[in-house]
Amino acid sequence: MTADIATQAQQETVTFTVNGKTMQGRRGDSLLKVLLHEGYDIPHLCYHEAVTAYGSCRLCLVEVKKGRKTKVTTSCNYPLMDGIEVTTNSEKIRKHRKVVFELLLAQVPNSPELQSMAAQYGVTDTRFEKKYQDCILCGLCERVCREVVGVNALGFMGRGVEKDVGAPFKQPSKTCIGCGACVYVCPVNCIKEEQLPTKRTIVRWERNLPMQTCKRCGYPFAPTYQLLQMQKQTGLPWEFFELCPDCRDVKD
Amino acid sequence: MSEIQTTVDSIVDQYQADPTGLLSVLQDIQAKMNYLPQEALERVSERMKVPMPRVAGLATFYSAFSLKPRGRRVINVCMGTACHVRGAPLILDTLERKLGIGIDETTSDGEFTLLKVGCLGACALGPIVEVNGEIFGQMTVTKADKLPDKLLKEDRGGTEK
Ligand code: SF4
Ligand code: SF4
Ligand code: FES
Ligand code: FES
């Protein structure tokens, strides 16, 4: 029995090299995740540890040698496997990355976040026609809302040059709970949130959410819909959510 | 229950509301109603337990689907590379003028919708126009100009027989 678990663990562990250095990791893990944990500086915009890799920004390129074949590939959605030889910063990679930065800058020329990131890699302008969008279609908002928050308020609409991320039918969202997770995760900061005492607005999804005021101290601490979702997920009684986190701890 | 909901329900039931049949359900609704009304998509989402963004995402991804009512005949003008170099833009231009509508629009009598498509896979016959599954090859401006009338006449001939 114990022997079984030992062999299983062995099968799970793979050995590979990064820039010539030998390393071990778990089979199937995201290569980018491992590289970031090891401290390698790999640019990435559409990856977040909390959600499934999607491979859309194309910035996390690395070279992977497997057997006799070497290829340039995105690392976020590359599963770790035995014997691969990874190169993270070759001349070729730097060249490709620069082009990707130029393409992203053409799509979204005015994002300070993107500009400063591109500048770190020596890209300050783009040769491509500027589209003046504010979203890079990385899909992080959609995945976070679906996989982490569990609300599924967003999706990709349309295709090709008309592809867009948002609520269905380009209408104000009817299901967003105003948790702000997408606001936080958006790499180019194009989802804005406005907070008033009585309501929160997620501007991009045109969603207005009334705030729940704490029954004890009167502080408007969270959107009511967010609390309802939390209640649904935790099964705790509603009375628990009528108090703000601070007042919940106070014993009378 | 609205008429749209009843229609959707009968289609959804044919697939036992199995979410893997989503695409087929949308195809059937498109075939039956000539478009995908928002109300229908909302009903699909509810009945099949597929989140609305997913349903809307599929419905807006495939060109076979339309969120606006389409005409009885959908005229697809091939704008693929081969047809393009053989004059497809002229054909499209002719049809736009003849019908008085632009791409993705429908004539007010509901007879025609004009669309452009990528390669239809019969480049040797280009420039090509496809109408409800029927192919019209080697189009010329003159043929394009006569096409709508010809289609209307053919249909009338068909019913008289
Ligand atoms: S704020 Fe709304 S859209 Fe954004 S993650 Fe939360 S529920 Fe989803
Ligand atoms: S809104 Fe932000 S998070 Fe969402 S796809 Fe666009 S860039 Fe990515
Ligand atoms: S992080 Fe890998 S493609 Fe965006
Ligand atoms: S380009 Fe028109 S059929 Fe191929």
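Residues numbered from 1 in each chain as written. Chains lettered and ligands numbered in written order. Predicted model: local features only at pLDDT ≥ 70, side-chain atom pairs only at ≥ 80, totals over all residues. Heavy atoms only, no water.

Participant: Could you give me a rundown of the overall build of chain B, with the residues and numbers involved?
Facilitator: When helices and strands are tallied, chain B shows seven helices and five strands. For chain B, the N- to C-terminal ordering of α and β elements is α-α-α-α-β-α-α-β-β-β-β-α. The 161 residues of chain B split such that 43% are buried. Summarising the internal contacts of chain B: among those between residues at least 6 apart in sequence, 60% fall at separations of at least 24. About 8600 Å² of surface is accessible on chain B, with carbon and sulfur atoms providing 52% of the total. Across chain B, the 19 positively charged side chains and the 21 negatively charged ones have centroids separated by 5 Å. (Helix = DSSP H or I, 4+ residues; strand = E, 2+ residues; numbered from the N terminus. Buried < 20%, exposed > 50% of the residue type's maximum accessible area, 1.4 Å probe, protein only. Contact = heavy atoms within 4.5 Å. Areas by Shrake-Rupley, 256 points an atom, 1.4 Å probe, with all protein chains shown as cover. Lys, Arg positive; Asp, Glu negative; His and termini not counted. Charge placed at Lys NZ, Arg CZ, Asp CG, Glu CD.)

Participant: Account for the domain arrangement of chain B, naming residues and giving values.
Facilitator: It is common to report an interface's size as the accessible area lost on association of the parts. When cut into domains, chain B gives domain 1 (3–61) and domain 2 (73–155). Computed over C-alpha atoms, the centres of domain 1 of chain B and domain 2 of chain B are 29 Å apart. (Domains from an automatic or database assignment.)

Participant: I'd like to hear about the site of ligand 1, residue by residue, with values.
Facilitator: Within the structure, ligand 1 sits among Cys145, Leu154, Cys176, Ile177, Gly178, Cys179, Gly180, Ala181, Cys182 and Trp205 of chain A. Classifying every residue of the shell around ligand 1 by side-chain character gives eight nonpolar, two polar and no charged. (Near = heavy atom within 4 Å. Nonpolar A, V, L, I, M, F, W, Y, C, P; charged D, E, K, R; others polar.)

Participant: Residues and numbers for the site of ligand 2, please.
Facilitator: Around ligand 2 lies a shell formed by Cys135, Ile136, Leu137, Cys138, Gly139, Cys141, Val165, Cys186, Pro187, Val188, Cys190 and Ile191 of chain A. Grouping the constituent residues of the shell around ligand 2 by class yields 11 nonpolar, one polar and no charged.

Participant: Provide a residue-level description of the interface of chain B and chain A, including the pertinent values.
Facilitator: Contact with chain B, which involves 13 residues of that partner, is made by 12 residues of chain A. Across the interface of chain B and chain A, roughly 960 Å² is buried in total on both sides, 63% from carbon and sulfur atoms. Of all residues in chain B, the largest losses of buried area upon contact with chain A belong to Gln38, Pro53 and Phe61 of chain B, amounting jointly to 48% of the total for that side. The interface formed by chain B and chain A includes one salt bridge. Glu42 of chain B is the partner of Lys174 of chain A in a salt bridge, and the nearest nitrogen-oxygen pair spans 3.2 Å. Scanning the region where chain B abuts chain A turns up four residue pairs in polar contact (both at pLDDT 80 or more). If you list the elements that add at least two residues to the side of chain B that touches chain A, you get helix 3 (38–48) and helix 4 (52–61) of chain B. A total of six residues in the side of chain B that touches chain A trace back to one element, the largest contributor, which is helix 4 of chain B. Within the side of chain B that touches chain A, the residues separate by chemical class into eight nonpolar, four polar and one charged. (Buried area = accessible area lost by both parts, 1.4 Å probe. Salt bridge = Lys/Arg side-chain N within 4 Å of Asp/Glu carboxyl O. Polar contact = N/O pair within 3.5 Å; in protein donor to acceptor, adjacent residues only side chain to side chain.)

Participant: Lay out the side chain of Thr7 of chain B in plain terms, naming residues and giving numbers.
Facilitator: All names here are of chain B. Relative to the helices and strands, Thr7 is located in helix 1 (residues 3–14). Polar contacts involving the side chain of Thr7 include one to the main-chain carbonyl oxygen of Glu3, which spans 2.8 Å. With residues near it in sequence (within four places) discarded, Thr7 still touches Lys32 and Met33.

Participant: Give me the layout of surface pockets: which residues, what numbers.
Facilitator: Size it by volume and the largest pocket reaches roughly 840 Å³. Going through the elements one at a time, helix 4 and strand 3 (112–117) of chain B are the ones with two or more residues in the lining of the largest pocket. Within the lining of the largest pocket, the residues separate by chemical class into 10 nonpolar, five polar and seven charged. What the second largest pocket holds in volume is close to 370 Å³. If you trace the second largest pocket, you find 16 residues lining it, with Glu142, Gly155 and Phe156 of chain A together with Arg54 and Gly57 of chain B closest to the centre. Going through the elements one at a time, helix 5 (140–149) and strand 6 (155–157) of chain A together with helix 4 of chain B are the ones with two or more residues in the lining of the second largest pocket. (1 Å grid on protein atoms, 1.4 Å probe; cavity = no way out; pocket = protein on both sides within 12 Å on 5 of 7 lines; lining within 4 Å. Points joined across faces, edges and corners; volume = space filled by probe spheres on them.)

Participant: Can you break down the packing of helix 1 of chain B against helix 2 (residues 22–33) of chain B residue by residue, with the values?
Facilitator: In helix packing, the relevant descriptors are the interaxial angle and the interaxial distance, both defined with respect to the helix axes. All names here are of chain B. Closest axis-to-axis distance for the helix 1/helix 2 pair is 10 Å, and the angle between their directions is 140 degrees. Comparing their axes, helix 2 and helix 1 come out oblique. For the pair helix 1 and helix 2, the sense of crossing is right-handed. Packed against helix 1, whose contacting residues are Ile4, Thr7, Val8, Ile11, Val12 and Gln14, the element helix 2 presents Val25, Asp28, Ile29, Lys32 and Met33 at the interface. (Axes fitted to C-alpha atoms, helices over the stretch in contact; angles between N-to-C directions. Parallel < 35°, antiparallel > 145°, perpendicular 65-115°, else oblique. Left-handed = near helix turned anticlockwise from the far one by under 90°.)

Participant: Report on the nonpolar core, specifying residues and quantitative values.
Facilitator: Inside soluble globular proteins, nonpolar side chains tend to come together where they are buried. Counting 42 residues, the largest nonpolar core has Leu45, Leu59, Phe101, Leu114, Ile191 and Trp205 of chain A as the members making the most contacts within it. Every element with two or more residues in this core is listed here: helix 3 (91–107), helix 4 (112–120), helix 5 and helix 6 (181–185) of chain A. Each of domain 1 (2–90) and domain 2 (140–248) of chain A contributes no fewer than three residues to this core. Those residues in contact with Leu45 of chain A that lie beyond four places of it in its chain are Cys57, Leu59, Leu104, Leu114, Met117, Ile136, Cys138, Leu140 and Pro187 of chain A. Counting 23 residues, the second-largest nonpolar core is a separate cluster that includes Ile4, Val25, Val44 and Val50 of chain B. (Core = buried A, V, L, I, M, F, W, Y, C linked by side-chain atoms within 4.5 Å.)

Participant: Which residues make up the side chain of Arg97 of chain A, and what are the values?
Facilitator: Within the secondary structure, Arg97 of chain A sits in helix 3. Each residue touching Arg97 of chain A, except ones within four places of it in the same chain, is listed here: Ile42, Pro43, Leu59, Leu61, Thr88, Asn89 and Tyr121 of chain A.

Participant: Just give me the short version of the environment of Arg248 of chain A, but keep the residues and values in it.
Facilitator: Residue and element names in this part refer to chain A. Residue placement: Arg248 occurs in helix 9 (residues 245–249). By relative accessible area, which is 22% here, Arg248 ends up partly exposed. In sequence terms Arg248 and Arg216 are 32 residues apart; their C-alpha atoms lie 9.3 Å from each other. When residues no more than four places from it in sequence are discounted, the contact partners of Arg248 are Phe221, Leu227, Phe240, Phe241 and Leu243.

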